[in-house]
Every structure is written in structure tokens, then in C-alpha cells.
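# Report on the structure
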Amino acid sequence: MPRPGSCSTLSVLFSNLFCIWCLFAGNLAFGQELAGTIRDQAGNPLPGVHVIVSAIDRGTVSDVDGKYNLSGLDAGRYEVQFSFVGFLTRTEMVQIGDARVVYNVTLEPEVLAGEEILISESRTDALTINTRSVSVLAPEKLVDLRGQTLGETLETLPGVTLLQTGPSIAKPVVRGLHSQRVLVLNAGVSQEGQQWGGEHAPEIDPFAPVEIQVIKGVSGVEYGVGAIGGVIRLDPLELPYVPGHGVSGNFSLNGFSNNLQAAGAVYLEGAAPALPGLGWRIQTSYRKAGDAHAPDYVIRNSAFQEFNGSASVGFRRERVNLVALYSRFSTELGIFSGAHIGNLNDLLRAIERGGPSFIGEFGYDIVSPKQEITHNLLSLHADYRMPAGSWFEFQYGFQRNHRQEFDAHGRGDDNDLEIPAFDLSLVSHSAEVKFHHKPIGQLIGVVGISGMNQLNKNGATGFLIPNFRAYSGGIFARESWVTEELTIEAGARLDYRWVRAWPRENGSRGDFVKRISDYASVSGVVGSIWQFAPSWSFGANLGTGWRPPSVNELYNFGVHHGTAQFLIGDPDLSTERSVGIDATLRHDSEHSRFEFSAYYNNFDGFIFLFPDLQPRVTIRGTFPTFRYSQADAVLRGFETSFEQDVASWLTLGTQLSVVRADNRETNEPLINMPSDRASFSAEFRLPDRKRMRATHFSLESNLVRKQTRVPANVDYMPPPDGYALFNAGFSSTLLFSDAPVRVNLSVQNVLNTGYRDYLSRFRYFIDDPGRSLVFRMQV
């Protein structure tokens, strides 16, 4: 049996990598890249800014989020001009040397007759980006962080942990909240596909060319119902619009030794020579992995494969910007078969044993229990800027999420294993219109209206999710008052949601009949940010948000094969309401970066899964049982991060996250909350050489405490012990014939430590994966 790091393991891995290289390699146009974000002095993005490099007759225009991108540049020093109506033209000398240079710009408004705006010139993006805590993963950082899931990439950020269901399913947990409480915004569209359960990872291509932001805290005013815990924004990179751009591209190749995963991705982009202002991009990625290895055994049937693609086209004129994007995500993944157990005694023995009863061989086969998932997304975005400075923004989204889950146990017929245990199809249409008014003195703001229509169909035999149709809509307004040192913002939103659920046509539970529910409430926020020194700012935010119970929380009744659990909903659950306050102290200077955020969230009617200590015996097997419950609760905690350049060649960093959550009705801790965790890192930079740039070594340790704050005697087994993991890495940009190649080699879990995270759904049965050698390359 191949072991991680063995010669046979690596030979299989690199043969897979070679196949993917052959699949994706093509004629790409190489060169350096200049990119960044353009904002006004209040920190708001400026769309439509002209970016001109006159020496080479190249240019582009910033998109609706203020982002610009110029690729295919030769190394050298360039004069770059940034110009926009109503703002002073700014000219900067920019040195292009690395493969990708990020240069952010703040434009100063012109003083027009009868109208004066007083805003400090010294304010920076890092200090004024939001009154809440915001973490950003720029595209250049993602190169060295891409993992097997989107969640693993985000786990590097303070305050973000993972809810895992086996090696291949992971979703982000922000300050103890996840699923319906954390909105994922993909290309401006709310991702609709994860509300069927906490174990459903967001259907996002981990290789998509994007910038990622994690906004922590109540965000319902801007983003709608459910954004109680925060928002994860994935913003596609700006399209090239200048005809002289030509065709360029990016190729990525990844390999992981633990599960012999090989992954590759490529995108090509260009501008239409015959039609100035028209840009396009096509992208595709493929991943294939075998069974993962815990330190002492193979995690059988944990293989997966994934094939994704997207295409986008945009058209830009001085006042109009149109962008259309279509993406398709498709995956098939196995579920650890040892969690599907035939009878009660075997289940109790499996939990007591703490490991698989049978040590199988490594393989790429995917058999039942398994999941097959596709997600199609169409995003249409348009904005129009009026001569006076105000502008309209329109966003439409279409999504179809199709999920099939297959049982491990048939009912006497072998063909039964090929019939999905449940087969769910969710179709969503959403639209939003915003009006951003021009500055009125020192006041800037936006008003808007949004709506969504959803239809879910249950096409299989299970009772886990009924058919349902839902309509929702909202109106909102947000204003900001800006002075030289202080920004104050306030906003409010009214939302309504109507849901009708009904049984499957081919039979259902006898006690389930058609049900209609409707919900309406308001969200609100008041926040401020004060820059009290050139490199320091303090932000505070008071907000209230709400969400209606989701269909799975109301009507679940049956085995969820993704988690090997029997889930029971409660149709009498009421609306969940949160009132929260958070405060953030930020420091950003040339050689040090620091952020400390503290928060306190009070929940009325907090909804959570609670173990039922009597397992459920079904014709499909015996499963741990969990019920959705509701209680008043409080969540509070803090996270902090600090980086210091102690020398030109050395940067030290640390992060710490703490969550405390209590059931106010029982005076006990809430179940399934993240453990305390800390990380320490050191990055050693080497001097640039002729063909090696941005070279560094890194060492990292992640320390996780045992979760001791749990309700007594309610779970199937006590929380696992704490653990310490150590990682090491090397990264460098290699220059060959002016074509930059970014190479990253790392070792995750260097000591091959056996551990189980408290938020792992399979911690009853197996350890988490062990050591993995990781290879990443980007051209």
C-alpha cells in the first residue's frame, strides 16, 4: 500500500501531474502584471477610472469595485496616469519587476464651485476598508495557499475555522457561525446551494481567478437576510478591455502526496481588437484525488474528482460597464464507508474502537456512499454612471444546484445502490438594483431593492428535504458621513420571505402536509471608524440582523448520507435574531501590521443541532441522531493577528482566535463551537537573483486546545484532545525567457501527527489526514 512520501506514491502523483499538464498546456502570452484597487479618500471603490501607461500606449479602466489590471508588461519603470471626472489626475512612477505588482491608489476629489469635500489624503485602504473586521486574500497570496477546498484556503485567516465532513468536505466557520449565517457572494450573487445542511461545502472552484474578502460580523443591511455571521466575497479579477492587451493566460499545477491528488487549471483572457472596450476570459480546472491517509491507515472511499469551468465577457465605455459570467462546478466524492454501520451494536463498537475495523488499500475508486453535485451560475452585472457623479448598479443571478447522495446499503437489489437516496434540484433567480448618489457635502450613500425566487424539487425516495418554493425581497439604504479623521455610517433594511413546502409526488412521511410560512423583519447598523494616527485606526459597529429558519432546519427527517447522521427538524422553529457589537483596532505601517477585534453577539432563538443519545435504527443502518433545537444564546470572543518585519530578511507573525458560546436558557456552553487556537509563523526572505525573485522559506505552527466548554453527557463521545501541527514551505518566482513561474513546495503536518478536530463530523470514527507533501506551480 503506498504511503505518503514513498517513491511509489510520488511516482503516481507526478504521473498524474504530467497528464494534467498535457491536458492544459497551451500557447500563453507571458509578461509582468500591474494590478490594484482605486478608491476615493473615504475608502469607496471608484469604477471607470482611466489607467494609462503612455510610454507603451497601453491602458485600462477600473471595474465597479475599483479594481484594475494590466498584464503582458515588460520589466521596467513606468509613468502611470490615473484620471477620472471629478477627481484630480494622479501620475505615479511604478517599478515593474516581480511577476505581479500590486499598486493601490487613492484619488483626491476636485473642489468644484459650490461644493467642497474635506477628506484626509493620508488615509489608506488597510485602515479604512470597513467599520467591521475585514480580511483580504489577494490573488497573489492565493497562489501559495490554494488547497483542496475553499475552506482550507480561508482557514489561514484569523477568526476562521473549518466544519469538516471527511477529508474532502469543509466549509468555513466565522466566529463560531457557519452555513445559513455566513453568506457566500460569488461574482456578486449569493451562493444558493448550501442551505440543505452544515456539511455542504460551498460549490466554488478553488482555482477561480478571484480576490477573496471575509467580512466578519452582522452584515444584513448590505447583503440581506442571513448574513448574521459575516460575508465571504469572491470577486472575479477585472477583465482586460484595452485592444492592445493581446491574449495572455495563467496555468496552475498542484499535487498533494497524502491522497495523490493532481490538480490543474488554466485561464486565457484578451481584448477584442475590432471592438474597443470588449474583454473576455475562459477558465477551466480539474482535480482528481484518491483515498486520504490518516497517520496509521487509509481513509477508505474518500476519493474525489472535480471538473469546473467558467467564461466571462465584458464591455466597457466611459459611463457604462457590462459583465456576464457563466460558471459550472461539478464534483463526485466518496464518503468514508466506515461511518455507515448496519446495526446498533456495531455503531457503539465503532465509536468505542475509534478507528476503522478494516484497513483497506489505497485507491481512486468512488463507490457508495457518495455524492454527485453540480452547480451552474449565471451572473449579469451592469452599472451606469451619470454625468453628475451618481450611478446605478444592476445585478442578476441564475443558479441551479443539483445534488444526489447515494446510500451504502441497498434493499435487496444491487441496482438499488445506483438510485440516489435523495435527489435535490434547487433553481434560484435573484436580482438587485442599487442607486449610489453623488457626494452631498460630506455625505455619500446607496439605496437599493432586491428579490429572489427559488424552487426546490425532491426527485428521490428520501424525506430529508421536501419540495418547496420561496420568495424573498428587501429594500435598504446606507449612508456615510465623512470628515478628515472620522467616518460614521448608518443603514437599515426591511426583508420579507415566504415559503411553501409540500410532500414529494411519489410519497412522503404520513405526518407531513403542505405548509406555508412567512417572515418579515428589519436589519440595522450604526458604525464608525476613526483614524487617530497616520498608521492607526479604530472601528466600532453595532448591528442587528435576523434570519428565518431554513427548510432543512424545519423539515429534516431522515438519514443524511454525507454525514452518516439521522437528522430531525422542528416545524415550530421561529425567527432567529442577533444583536451584536464588535470593535477593531488596526495598525498598518511599512514594517508592521496588527489587528485586534472583539465581539459580543446576543441571539434570540439561536438554532443548533443537538445530539439525541438514542441512535436511530433504519432499514439503511443505524445512525447517530441529531435534532434541531432553539434557545437564547450569547457568542463572544476575539481574534488578533500581528506581523513584524524584524529584519529585511525576516518576518514573524502570530494569530489567536477565541470563541465563547453559551445557552442562556440552560446556563451551559453551546455544543459544536470552535476550540481556542493560535498560530506562529516565520518567513525568511532570500535576496533576489538573476532568475529567482521573491524567494522565501516559511515555518508555521498551529496549536489547538481541547474543547472543554461543552454541555455535559449529551454527545456520543467526549471532545478529542488538543493538538499541535507544524508546516514548512518554500516559494520562489523563477524567470525563464521573461516568463515568470511561481513555484511553491510545502509540507503539511510535518510530524505526521494523529489528531481529530472537534468540528470534524467524522471524529467519532477516524483521525484527520496526516502528512502531505504539496507542490504548486503557476505560470
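In case you missed it, the structure is sitting above this.
Residues numbered from 1 in each chain as written. Predicted model: local features only at pLDDT ≥ 70, side-chain atom pairs only at ≥ 80, totals over all residues. Heavy atoms only, no water.

## Brief notes about the overall build of the protein chain
- For the protein chain, the helix and strand inventory stands at seven helices and 42 strands.
- Split into buried and exposed, the 779 residues of the protein chain put 59% on the buried side.
- Of the contacts made within the protein chain by residues no fewer than 6 positions apart, 68% connect residues no fewer than 24 positions apart.
- For the protein chain, the exposed surface amounts to about 30,200 Å²; the carbon and sulfur share of it is 58%. (Helix = DSSP H or I, 4+ residues; strand = E, 2+ residues; numbered from the N terminus. Buried < 20%, exposed > 50% of the residue type's maximum accessible area, 1.4 Å probe, protein only. Contact = heavy atoms within 4.5 Å. Areas by Shrake-Rupley, 256 points an atom, 1.4 Å probe, with all protein chains shown as cover.)

## Regarding the packing of aromatic side chains
- Scanning all chains against the criterion turns up 19 aromatic pairs.
- With 6.1 Å between their ring centres and 80 degrees between their planes, Tyr 764 and Phe 765 make a pair best called edge-to-face. Summarising the burial analysis for this pair, Tyr 764 and Phe 765 share the class buried.
- By way of ring pairs, the aromatic residues Trp 530, Phe 532, Trp 536, Phe 594 and Phe 642 are connected into one cluster.
- If you follow Arg 281 out to its NZ or CZ, it ends over the ring of Tyr 267, 5.5 Å from the centre.
- Above the face of the Phe 406 ring, Lys 370 is positioned so that its terminal group lies 5.1 Å from the ring centre. (Phe/Tyr/Trp six-rings, centres within 6.5 Å; stacked < 30°, edge-to-face > 60°. Lys NZ or Arg CZ within 6 Å of the ring centre and 35° of its normal.)

## Some points on the environment of Val 101
- Looking at the secondary structure, you find Val 101 in strand β7 (residues 100–102).
- Residues contacting Val 101, with those up to four places away along its chain left out, are Glu 33, Leu 34, Ala 35, Val 94, Gln 95 and Ile 96.

## Some details on the nonpolar core
- Within the largest apolar cluster, 38 residues are counted, with the highest numbers of intra-cluster contacts made by Ile 299, Phe 468, Phe 765 and Ile 766.
- Val 160, Ile 232, Phe 606 and Phe 608 belong to the second largest nonpolar core, which has 33 residues in total. (Core = buried A, V, L, I, M, F, W, Y, C linked by side-chain atoms within 4.5 Å.)

## With respect to the sheet that holds strand β9 (residues 134–137)
- With mixed pairing, the five strands of this open sheet are ordered in space as β9-β14-β15-β12-β13. Both edges of this open sheet fall to β9 and β13 (189–190), since each of them pairs with a single strand only.
- Pairing geometry for strand β12 (residues 182–186) and strand β15 (residues 230–236), over five bridges, is parallel. Paired with Val 182 across the strands is Gly 230, a residue of β15. (Pairing = 2+ DSSP bridges.)

## Let's talk about the sheet that holds strand β6 (residues 87–96)
- Taken in spatial order, the four strands make up an open sheet running β3-β2-β5-β6, and their pairing is antiparallel. Each of the sheet's edge strands pairs with one partner strand only, and the pair in question is β3 (58–61) and β6. In this sheet, adjacent strand axes meet at a mean angle of 20 degrees when their direction is disregarded.
- Across four bridges, the pairing between strand β2 (residues 50–53) and strand β5 (residues 76–84) is antiparallel. Looking across to β5, one finds that His 50 is bridged to Ser 83. (Axes fitted to C-alpha atoms, helices over the stretch in contact; angles between N-to-C directions.)

## A word on the side chain of His 587
- Within the secondary structure layout, His 587 lies in strand β33 (residues 576–588).
- Within the structure, His 587 has its side chain in polar contact with the side chain of Ser 592 (distance 2.8 Å). (Polar contact = N/O pair within 3.5 Å; in protein donor to acceptor, adjacent residues only side chain to side chain.)

## Comments concerning empty space enclosed by the protein
- Applying the stated rule across the entire model yields 14 cavities of 30 Å³ or more.
- Volume-wise, the largest cavity comes out at about 460 Å³.
- Lining the largest cavity are 30 residues, and of these Leu 163, His 178, Leu 609, Asn 672 and Arg 761 lie nearest its centre.
- With four residues, strand β34 (residues 592–618) is the largest single contributor of residues to the lining of the largest cavity.
- Partitioning the lining of the largest cavity into residue classes produces 14 nonpolar, 10 polar and six charged. (1 Å grid on protein atoms, 1.4 Å probe; cavity = no way out; pocket = protein on both sides within 12 Å on 5 of 7 lines; lining within 4 Å. Points joined across faces, edges and corners; volume = space filled by probe spheres on them. Nonpolar A, V, L, I, M, F, W, Y, C, P; charged D, E, K, R; others polar.)

## A closer look at the environment of Leu 234
- Mapped onto the elements, Leu 234 comes out in strand β15.
- Between the C-alpha atom of Leu 234 and that of Val 210, which follows or precedes it by 24 residues, the distance is 5.9 Å.
- Apart from residues no more than four positions distant in its own chain, Leu 234 is found in contact with Leu 150, Val 184, Leu 185, Asn 186, Ala 187, Ile 204, Val 210, Glu 211 and Ile 212.

The analysis is restricted to geometry; functional conclusions fall outside its scope.
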